[in-house]
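# Structural overview
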Amino acid sequence: MAPFTITQQVTFLYTTDLASGSAFLRDKVGLKLALNQFDLCHIYQAAPNAFLGVCTNRPPADDPAVTYSFVVSDADAAYETLKARGVEFEAPPQLSERFNVYSAFFRGLESYRFEIQEFRDPSWPKPIG
């Protein structure tokens, strides 16, 4: 069997209101629309090869067991920027000594949980390119 290479990553989140979910990712989080799929899904670019889609083709989970983490170079700056755009955080960025990450959590699209996170662990791989 021939090996394969994963070249991109897309995560889909579900909503009952595409306009509202899309506005959250575009206006609050600051992501750029990469593709509109027939007004059923809007796919946003989260990083050079990572995408986040919001879709109405299935109902959202009442309590999705997922956290979507944005790895950032400066969690304090990301926190201040997002807060100024109206994102409501659970708390300001804090250091988790257990995981050696500095992060803050927020919600804003259905019941999904988001995180801005700085890895402080030197063994975490740096972005390529």
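Preceding this paragraph is the structure being described.
Report follows, based on the coordinates. Note that the structure is predicted; figures quoted are calculated from it, not measured.

Each helix and strand in the protein was counted, giving two helices and eight strands. If you list the helices and strands of the protein from N to C, you get β-α-β-β-β-β-α-β-β-β. In terms of overall size, the protein behaves like a compact globule, its C-alpha atoms giving a radius of gyration of 16 Å where 129 residues would be expected to give roughly 14 Å. When its C-alpha atoms are laid out on the principal axes, the protein stretches across 45 × 40 × 25 Å. Counting over 129 residues, the protein shows a buried share of 33%. Excluding contacts between residues fewer than 6 apart, the proportion of contacts in the protein whose partners are at least 24 apart in sequence is 50%. Surface accessibility of the protein: about 8500 Å² in total, with carbon and sulfur atoms responsible for 53%. Across the protein, the mean location of the 11 positive side-chain charges is 3 Å away from that of the 15 negative side-chain charges.

So, about the layout of surface pockets. Considering only enclosed or pocket space, the largest pocket measures out at about 1000 Å³ in volume. Together, 32 residues line the largest pocket, and Ala46, Ala47, Pro48, Val71 and Pro127 are the ones closest to its centre. Within the residue set of the lining of the largest pocket, elements represented by two or more residues are strand 1 (9-14), strand 3 (41-47), strand 5 (67-71), helix 2 (75-84) and strand 8 (113-119). Top contributing element to the lining of the largest pocket by residue count: strand 5, with four residues. Residues that form the lining of the largest pocket fall into these classes: 20 nonpolar, nine polar and three charged.

Turning our attention to the state of the cysteines. All told, the structure shown has one disulfide when counted by the stated rule. Each disulfide pairs two cysteine sulfurs, and for Cys41 the partner residue is Cys55, the sulfurs being separated by 2.1 Å. When the S-S torsion is 120°, as for the bridge of Cys41 with Cys55, the disulfide is right-handed. Of this pair, Cys41 sits in strand 3 while Cys55 sits in strand 4 (residues 50-55), placing them 14 residues apart in sequence.

Relative to the helices and strands, Ser22 resides in helix 1 (residues 18-28). Here Ser22 falls in the buried class, since its relative accessible area comes to 3%. If sequence neighbours within four positions are ignored, Ser22 has contacts with His42, Tyr44 and Val54.

What follows covers the pattern of salt bridges. Applying the stated criterion across every chain yields a total of three salt bridges. Residues Asp27 and Arg26 are paired through a salt bridge, measuring 2.9 Å at the closest nitrogen-oxygen approach. The class of Arg26 is partly exposed, set by a relative accessible area of 41%. With its nearest N and O atoms 3.5 Å apart, the salt bridge here joins Arg113 to Glu90. Within this pair, whereas Arg113 is found in strand 8, its partner Glu90 is found in the loop between helix 2 and strand 6 (94-96), the two being separated by 23 residues in sequence. A residue is classified by how much of its surface remains accessible, and Arg113, at 25% relative accessible area, is partly exposed.

Taken residue by residue, helix 1 has Leu18, Gly21, Ser22, Phe24 and Leu25 as its buried positions. Buried residues along helix 1 cover an arc of 150° about the axis, so they all sit on one side. Residues of helix 1 that are buried in the fold lie against strand 3, strand 4, strand 7 (101-107) and strand 8. The opening residue of helix 1 is Asp17, an N-cap whose side-chain oxygen sits 3.2 Å from the backbone nitrogen of Ala19. Positive backbone phi, at 90°, marks Gly30, one or two positions downstream of helix 1.

How each quantity is defined
Residues numbered from 1 in each chain as written. Predicted model: local features only at pLDDT ≥ 70, side-chain atom pairs only at ≥ 80, totals over all residues. Heavy atoms only, no water. Helix = DSSP H or I, 4+ residues; strand = E, 2+ residues; numbered from the N terminus. Rg over C-alpha atoms; globule rule 2.2 N^0.38 Å. Buried < 20%, exposed > 50% of the residue type's maximum accessible area, 1.4 Å probe, protein only. Contact = heavy atoms within 4.5 Å. Areas by Shrake-Rupley, 256 points an atom, 1.4 Å probe, with all protein chains shown as cover. Lys, Arg positive; Asp, Glu negative; His and termini not counted. Charge placed at Lys NZ, Arg CZ, Asp CG, Glu CD. 1 Å grid on protein atoms, 1.4 Å probe; cavity = no way out; pocket = protein on both sides within 12 Å on 5 of 7 lines; lining within 4 Å. Points joined across faces, edges and corners; volume = space filled by probe spheres on them. Nonpolar A, V, L, I, M, F, W, Y, C, P; charged D, E, K, R; others polar. Disulfide = S-S within 2.5 Å. Salt bridge = Lys/Arg side-chain N within 4 Å of Asp/Glu carboxyl O. Arc of directions from axis to C-beta. Polar contact = N/O pair within 3.5 Å; in protein donor to acceptor, adjacent residues only side chain to side chain.

Function cannot be read off these values alone, since they describe shape.
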